[in-house]
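# A look at the structure
The residues making up each chain are set out below.
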Amino acid sequence: MSLSRPWDAYDAYLFDIDGTLLHCKDAVHYFGFCHALTSAAGRPVDILGLPVQGKIDPGILREAFARAGVPESAWRPRLPEILEEMAAHVEAHATDFQIDVLPGVREVLQHLRAKGAKLGTGTGNLERIGWAKLQACGLREFFDFGGFSNGYEQRGAMIAGAADTARRLTRLDAAILVLGDTPGDIEAARFAGLEVLAVATGIFTAEQLQNADQIVSSFSRLSDLG
């Protein structure tokens, strides 16, 4: 497979955050999950050992509650409150973020902005958490809009919603490219009928990302594509 056009010739872009744009060396988001889960359950609940890469925050909460034996009827009606508590906890500890922007990311974002493309997120983070991470590492200014997990149960639907926003900002037949580092990003792009470029900068190898339209080892190698 290959992209239908040069990687920098799309109208809009949907970027995953964790593992794609940046790497968080801290546990701020993790403790946000634990705080919200424990508060809702009335006993210690965490996400340790759960596979979280490529998933969305509400889905991770759902899996954690299920693993802990918390019935859906006990937390589902309170989900907006739980998400609010989680986001507030992360924002309150934003000064503890330790974030590395991954190689080539700033240069790619600057290049695409200079070409007039609309840049958005397509991330499993809740909106307030995603923006907090991007603000903390100096990337917030590059983005025109966000696609976040608030209000979604599945990543594919979230990407489809972000694509709709991109079309409203550009044109109905806009060429949109999804960029991510997990098989979940690829599956979500396919669900939304979009092309996807994978970067092997997270925990998944290029072989595990082979269903993408294009794979690069990092954003710093995008110039090799021409």
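Scroll up to find the structure.
Before going into details, it helps to say that this report is about the structure given with it. (Residues numbered from 1 in each chain as written. Predicted model: local features only at pLDDT ≥ 70, side-chain atom pairs only at ≥ 80, totals over all residues. Heavy atoms only, no water.)

Our next topic: the side chain of Asn125. Along the chain, the position of Asn125 falls in the loop between strand S4 (118-121) and helix H6 (127-136). The class for Asn125 is buried, based on a relative accessible area of 3%. Looking at Asn125, its side chain comes within polar contact range of the side chain of His29, at 3.4 Å. In this structure the side chain of Asn125 is engaged in a polar contact, spanning 2.9 Å, whose partner is the side chain of Lys133. Setting aside anything within four residues of it in sequence, one finds Asn125 in contact with Ile17, Asp18, His29, Asp57, Gly130, Lys133, Phe148, Ser149 and Asn150. (Helix = DSSP H or I, 4+ residues; strand = E, 2+ residues; numbered from the N terminus. Buried < 20%, exposed > 50% of the residue type's maximum accessible area, 1.4 Å probe, protein only. Polar contact = N/O pair within 3.5 Å; in protein donor to acceptor, adjacent residues only side chain to side chain. Contact = heavy atoms within 4.5 Å.)

This next bit is on the sheet that holds strand S6 (residues 195-199). The parallel open sheet is built from five strands, whose spatial order is S4-S1-S5-S6-S7. On the outer flanks of this sheet lie S4 and strand S7 (214-216), each paired with one strand and no other. The sheet shows a mean angle of 20° between the axes of neighbouring strands, taken without regard to direction. Bridge analysis of strand S1 (residues 12-15) against strand S5 (residues 176-180) gives four bridges, and the strand direction is parallel. For Leu14, the partnering residue across the bridge sits in S5 and is Val178. (Pairing = 2+ DSSP bridges. Axes fitted to C-alpha atoms, helices over the stretch in contact; angles between N-to-C directions.)

If you add up the space inside the largest pocket, you get close to 690 Å³. Contributing to the lining of the largest pocket are 35 residues, with Asp18, His29, Val52, Gln53 and Lys133 lying nearest its centre. Only strand S2 (22-24), helix H1 (28-41) and helix H2 (57-67) provide two or more residues apiece to the lining of the largest pocket. Quantified by volume, the second largest pocket comes out at close to 200 Å³. Lining the second largest pocket we find 15 residues, and of these Gly54, Lys55, Ile56, Gln154 and Arg155 sit closest to its centre. Among the elements that line the lining of the second largest pocket, the one with the most residues is H2, at four residues. When its residues are assigned to classes, the lining of the second largest pocket shows three nonpolar, six polar and six charged. (1 Å grid on protein atoms, 1.4 Å probe; cavity = no way out; pocket = protein on both sides within 12 Å on 5 of 7 lines; lining within 4 Å. Points joined across faces, edges and corners; volume = space filled by probe spheres on them. Nonpolar A, V, L, I, M, F, W, Y, C, P; charged D, E, K, R; others polar.)

Moving on to the environment of Leu3. Mapped onto the elements, Leu3 comes out in the segment before S1. Linking Leu3 and Thr205, residues 202 residues apart in sequence, is a C-alpha distance of 19 Å. Other than its neighbours up to four places away in sequence, Leu3 contacts Tyr10, Leu177, Glu195, Val196, Leu197, Asp213 and Gln214.

Once that is clear, we can look at the nonpolar core. By size, the foremost hydrophobic cluster in this structure holds 56 residues, and its most contacted members are Phe15, Leu21 and Phe143. Here this core takes six residues from helix H4 (residues 79-92), the largest share from any one element. Discounting chain neighbours no more than four positions away, the residues touching Phe143 are Phe15, Leu21, Leu109, Arg113, Leu119, Gly120, Thr121, Trp131 and Leu134. By size, the runner-up hydrophobic cluster in this structure holds 21 residues, among which are Ala12, Ile159, Ile176 and Ala189. (Core = buried A, V, L, I, M, F, W, Y, C linked by side-chain atoms within 4.5 Å.)

Before going further, it helps to examine the packing of aromatic side chains. All chains considered together, the criterion is met by seven aromatic pairs. The interplanar angle of 15° and the centroid separation of 5.1 Å between the aromatic rings of Phe65 and Trp75 together place this pair among those described as stacked. Here Phe65, found in helix H2, pairs with Trp75, found in helix H3 (residues 72-75); they are 10 residues apart in sequence, far enough to count as distant. For Trp75, a relative accessible area of 4% translates into the label buried. Grouping aromatic residues by their ring pairs yields a cluster made of Tyr10, Tyr13, Phe15, Phe143 and Phe219. Its end group placed over the ring of Tyr10, Arg5 keeps NZ or CZ at 5.4 Å from the ring centre. A cation over an aromatic ring shows up here: Arg140 above the ring of Trp131, its NZ or CZ 3.6 Å from the ring centre. (Phe/Tyr/Trp six-rings, centres within 6.5 Å; stacked < 30°, edge-to-face > 60°. Lys NZ or Arg CZ within 6 Å of the ring centre and 35° of its normal.)

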